[in-house]
Amino acid sequence: MTTKLTKASRLRFAPSPTGTLHVGGARTALFNWLLARGCGGKFILRIEDTDRERSTEESVQVILDAMAWLGLDHDEGPFYQSRRGEHYALALATLRESGRAYPCFCTAERLDALRKQARADGTAFVYDGLCRALGEDERASRIEKGEPHVIRFAVEPGSITEFDDMIGGPRPFENDRLGDFVIRRSDGSPIYHLTVVVDDHEMEITHVVRGDDHVSNTPRQLLLFDALGWDRPHYAHLPLIQGADKARLSKRHGATSVLEFKREGFLPEAMINFLALLGWSLDAETERLTRAELIENFSLDRINRSAAVFDKTKLEWMNGVYLRSKPLDEVTKLARDFFRLDPDDALDLISDKRLDEPWFESIVALEVERSRTLGEMRRNLDCFLVASLESYEEKGARKHLLKPGVCEQLARTAEALRAVENFEAEGLEAALRSLAEREGLSFGKVVHPLRMSLTGRSASPGIFDVLIAFGRETSLERIEQAREWIEAQPPASESPASESPRQEQAR
Ligand code: GLU
């Protein structure tokens, strides 16, 4: 078997469905998928659900959904280990018959005592092989009597297992460090090492590409391959993924579940590009690669040996690049679907209908440059989508609304806007500038309170775009609401500036 990938190569992703699909798992899936697609080989999906207590159907669904979202389609599977019990039983029987596996009757108490002793001696626990010495007759009679037992694999003392990791290079391993390890639990269920080996063999996997947290499992699995007389696949262990603080990536680093990124409004193509660069690069500069470019260029020899750093800011940046590179009508459609999807933040009906109007495209256009994700765009566009504002940004309100004279001045601004003939940028600018002049105010002093009244925030797209997006009627309504809110506020020192204008009005 050659390490080179060819049309005959078969790669797999074999997640355990015990939680969500995290960044690390998604990267493993992606790397295998890219390698398979790049060589014209096969990509197989296998669900490793032999741990019945920790595996859940929801988790299987999360994995399938996340892979579908990322566009990582498989050619075969999903195969479920929980449905393949007889294959593992056959392999166990073969190992028993050839004398490479034996029943072990040692009790939990005895094993605990051995563990304690090892700890006291400052050594790692290795099973001492007591039951290996039992005769077949004794084994048979104890099994007959129903004595609980596990099955252990008999490791040849003093032997070495060596393999050539396609990323890490030669990895020799002293088998004495393993001791005779368990391959079947006392309840009859097979242990992961055995199921992986049986499946990788029967599914004719040629290349096993997985996280480097599996490196220590590989010698055990190779021993099983050898003992069963099967060809070993080639192995590549991917470098660890760390957070920016150099600690192993975990929940502490914020959202790391792939579907959480979907919920936050990241695009799958940006996610794919970003994941591909977690430990792999085309060269020293190239950051942006399409799916097709990745398939064409991805290779094991450009995978780093050192840990990859997960940098969410970079992902956000990359997502923004992808978002801005799309035609406006496409972004509008994505935004529309995304806004409607958000279950925690249902839009009110008036706005929801408006998402289908050409108007929606015009407001998406206002924010597309400033938004890195669809979620951010949603937040930025919020003020346009609600029937009326819930609150005003506290600092902006203090600075621009709750100052003497602002309320009266907003009335005059409203008057000027009412009088504008064509509610378009040119006419609006002329009207507001001449108002500022008449009032002896800077243009900003007119615009800031207006912006706060319309959007509830001190930063927004250009004020004329905002006015046009709202239209005359809504703009005047919002100014009126802001004036009512200002009037209802207690004197400056006690002012709860962020209180809802709606609540105020309800009183
Ligand atoms: N089921 C294992 C996991 O989810 C992966 C096994 C493998 O890739 O060999 O970590």
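Predicted model, so just to flag it, every value in this text is computed and none were measured.

Visitor: Can you tell me about the packing of aromatic side chains, naming the residues and giving the values?
Guide: According to the stated counting rule, one finds 12 aromatic pairs in the structure shown. Ring centres of F338 and F339 lie 6.4 Å apart, and the angle between their planes is 65°; on these two criteria the pair is classed as edge-to-face. Of the two residues, F338 and F339, both sit in the buried class. Between the aromatic rings of Y392 and W485, the centroid separation amounts to 4.7 Å while the plane-to-plane angle is 55°, which identifies the pairing as tilted. Taken as a pair, Y392 in the loop between α15 (374–385) and α16 (394–401) and W485 in helix α20 (residues 463–488) lie far apart in primary sequence, 93 residues in all. Across this residue pair, the class does not change: Y392 and W485 are buried. Clustering of aromatic rings is evident, with ring pairs tying together F261, F266, F274 and F310. Over the ring of F125 we find R115; its NZ or CZ atom is 4.7 Å from the centre of that ring.

Visitor: I'd love a proper account of helix α19 (residues 443–455), names of residues and values included.
Guide: Over its 13 residues, α19 runs 18 Å from end to end, which matches the ideal 18 Å to within 8%, given 1.5 Å per residue. For α19, the set of buried residues is V446, V447, P449, L450, R451, M452, S453, L454 and T455. Lining the buried residues of α19 we find α15, α16, α17 (406–419), α18 (425–439) and α20. Where α19 terminates, the next one or two residues include G456, which has phi positive at roughly 80°.

Visitor: Talk me through the environment of I47; I want residue IDs and the actual numbers.
Guide: Structurally, the position occupied by I47 is in strand β2 (residues 42–47). Here the alpha-carbon distance between I47 and D213, two residues 166 residues apart in the chain, equals 18 Å. Not counting chain neighbours up to four residues away, the residues in contact with I47 comprise P15, P17, V60, P78, F79, Y80 and Q81.

About the thresholds
- Residues numbered from 1 in each chain as written.
- Predicted model: local features only at pLDDT ≥ 70, side-chain atom pairs only at ≥ 80, totals over all residues.
- Heavy atoms only, no water.
- Phe/Tyr/Trp six-rings, centres within 6.5 Å; stacked < 30°, edge-to-face > 60°.
- Buried < 20%, exposed > 50% of the residue type's maximum accessible area, 1.4 Å probe, protein only.
- Helix = DSSP H or I, 4+ residues; strand = E, 2+ residues; numbered from the N terminus.
- Lys NZ or Arg CZ within 6 Å of the ring centre and 35° of its normal.
- Expected span 1.5 Å × (residues − 1).
- Contact = heavy atoms within 4.5 Å.

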